[in-house]
Amino acid sequence: MFDANYVWTIIILLGIGTWLIRFSFLGLIGERELPVYVKRMLNYTAVAVLPGISVPMVLHSANGSFEPLRITAAIAILVIGVATQSLMKSIGAGLLIYFGLSALL
Amino acid sequence: MATLGSFAAGFGQGAIQGLPFSLVLGPFGMLFGVIATESGLDLVQVMGFSVLVIAGAAQITAISLMNEQAPVLVVLATSLAVNLRMGIYSAALVPHFGGLPLWKRATAAYWLFDQPFALTSVDVAKNPKRTRDERFGFYLGVGIPLSILWYIVTYLGATLGDLIPGDIGIDFAIPATFLALIAPLLKSLPHLAAAITSVAGTLTLSNLPFNSGLLVAAVIALIVGAEVERRFVEPRQRGR
């Protein structure tokens, strides 16, 4: 069990801090126009962050072990996603492969 | 009335497109509820995390550090580092929502997690002509239903926690979502270059403290994406 002050201090400050990060540019900049180069870079925010979060999680599970099954499922998600341009099909196939095969093996 | 109508139309489309993510957020939120409860948090504290923080990866990061009796400042710094990518999301939405009144921007910030941001970004490319109100509706249409689901599954995870095994590999759902989100974008050369840079950079810089390797790699990837666009895509378009 944790001390209640410890827990609530973390919850409240983490809540405020996270909101401040989310509000940062939306709150500060408002209607001001961003430079062309910055706007161009911002087109790539999703592909600049999400693959970097994902790939280490694909290579290692939460307990640190290496699982070929994860890599297989991840490649299936990417290939099906590029080919069909459908989020639902690629995530459905990927999770089916992962949880289906891990139940079988 | 016209404004409210286009907001509602956008909201409906966002809600529909956000729906598939319940398959991912559902188990993830439940997992958080289970982990937090098993770590010794009471129900109100577990719900406090999901309602006030509403960022799964950071919530799980915080719990794991609390289990190691880390000082408050370390827990906060590490968990906030996980969330720093949302600062990039915030900047990315400025061209679309920057002109809204302050209270709307302050409210919208609460729902700025991965799925509303990513789906709105994809939608900007697919439907560039939406009005601002319609786009704002779309964004909240993704975020609000998923946030309500997040509270419910957290509650379920916290109360039914003991029935769910912690080792069935549900953490794979997180990268699965992210990869499915970005896959349709990889047909474009600058997007592909940025994605490869993000992966290579994060793996190379994985020893930097506080998750900052991910952030440094992201900044490099943004520059690579923009440069590839400027050098290879724009000249071709001008040549046409």
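What you see is a predicted model, and the numbers here were worked out from it, not measured in a lab.

Reading guide: rules and limits
- Residues numbered from 1 in each chain as written.
- Chains lettered and ligands numbered in written order.
- Predicted model: local features only at pLDDT ≥ 70, side-chain atom pairs only at ≥ 80, totals over all residues.
- Heavy atoms only, no water.
- Phe/Tyr/Trp six-rings, centres within 6.5 Å; stacked < 30°, edge-to-face > 60°.
- Helix = DSSP H or I, 4+ residues; strand = E, 2+ residues; numbered from the N terminus.
- 1 Å grid on protein atoms, 1.4 Å probe; cavity = no way out; pocket = protein on both sides within 12 Å on 5 of 7 lines; lining within 4 Å.
- Points joined across faces, edges and corners; volume = space filled by probe spheres on them.
- Nonpolar A, V, L, I, M, F, W, Y, C, P; charged D, E, K, R; others polar.
- Buried < 20%, exposed > 50% of the residue type's maximum accessible area, 1.4 Å probe, protein only.
- Contact = heavy atoms within 4.5 Å.
- Expected span 1.5 Å × (residues − 1).

Caption draft 1: Quick peek at the packing of aromatic side chains. Residues and elements named next belong to chain B. Inspection of every chain in the model, using the stated rule, returns 10 aromatic pairs over all chains. Arranged with centres 6.1 Å apart and planes meeting at 35°, the rings of F7 and F11 form a pair that is tilted. Pair noted here: F7 and F11 are both in helix α1 (residues 2–18), with a separation of four residues, about one helical turn. Pairwise contacts between aromatic rings join F7, F11, F97, F136 and Y139 into one cluster.

Caption draft 2: Molecular detail of the layout of surface pockets. Of the pockets and cavities examined, the second largest pocket occupies roughly 800 Å³. If you trace the second largest pocket, you find 32 residues lining it, with S121, V122, V124, A125 and L185 of chain B closest to the centre. If you list the elements that add at least two residues to the lining of the second largest pocket, you get α2 (36–42) and α3 (45–59) of chain A together with α1, α6 (85–97), α8 (114–126), α10 (173–182), α11 (189–204) and α12 (212–239) of chain B. The element best represented in the lining of the second largest pocket is α8 of chain B, accounting for seven residues. Looking at the lining of the second largest pocket residue by residue, the class counts come to 20 nonpolar, nine polar and three charged.

Caption draft 3: Expanded view of the side chain of R40 of chain A. Structurally, R40 of chain A is set in helix α2. Given a relative accessible area of 10%, R40 of chain A falls into the buried group. Residues in contact with R40 of chain A, not counting those within four places in the same chain, are A226, E229, R230 and E234 of chain B.

Caption draft 4: A look at the environment of L179 of chain B. Structurally, L179 of chain B is set in helix α10. Accessibility expressed as a relative area gives 4% for L179 of chain B, which makes it buried. Leave out the neighbours within four places in its chain, and L179 of chain B touches S54, V58, A74, I77 and L78 of chain A.

Caption draft 5: Unusual backbone geometry, seen in detail. Residue and element names in this part refer to chain B. Phi angles above zero are rare outside glycine, and I54 is one such case at about 45°. When you line up the elements, I54 lands in the loop between α3 (43–53) and α4 (56–67). Overall, the relative accessible area of 3% leaves I54 in the buried class.

Caption draft 6: Structural detail: α11 of chain B. Over its 16 residues, α11 of chain B extends 22 Å from the first C-alpha to the last, a length consistent with the 22 Å expected when each residue adds 1.5 Å. Those residues of α11 of chain B that sit buried are P190, H191, A193, A194, A195, T197, S198, V199, G201 and T202 of chain B.

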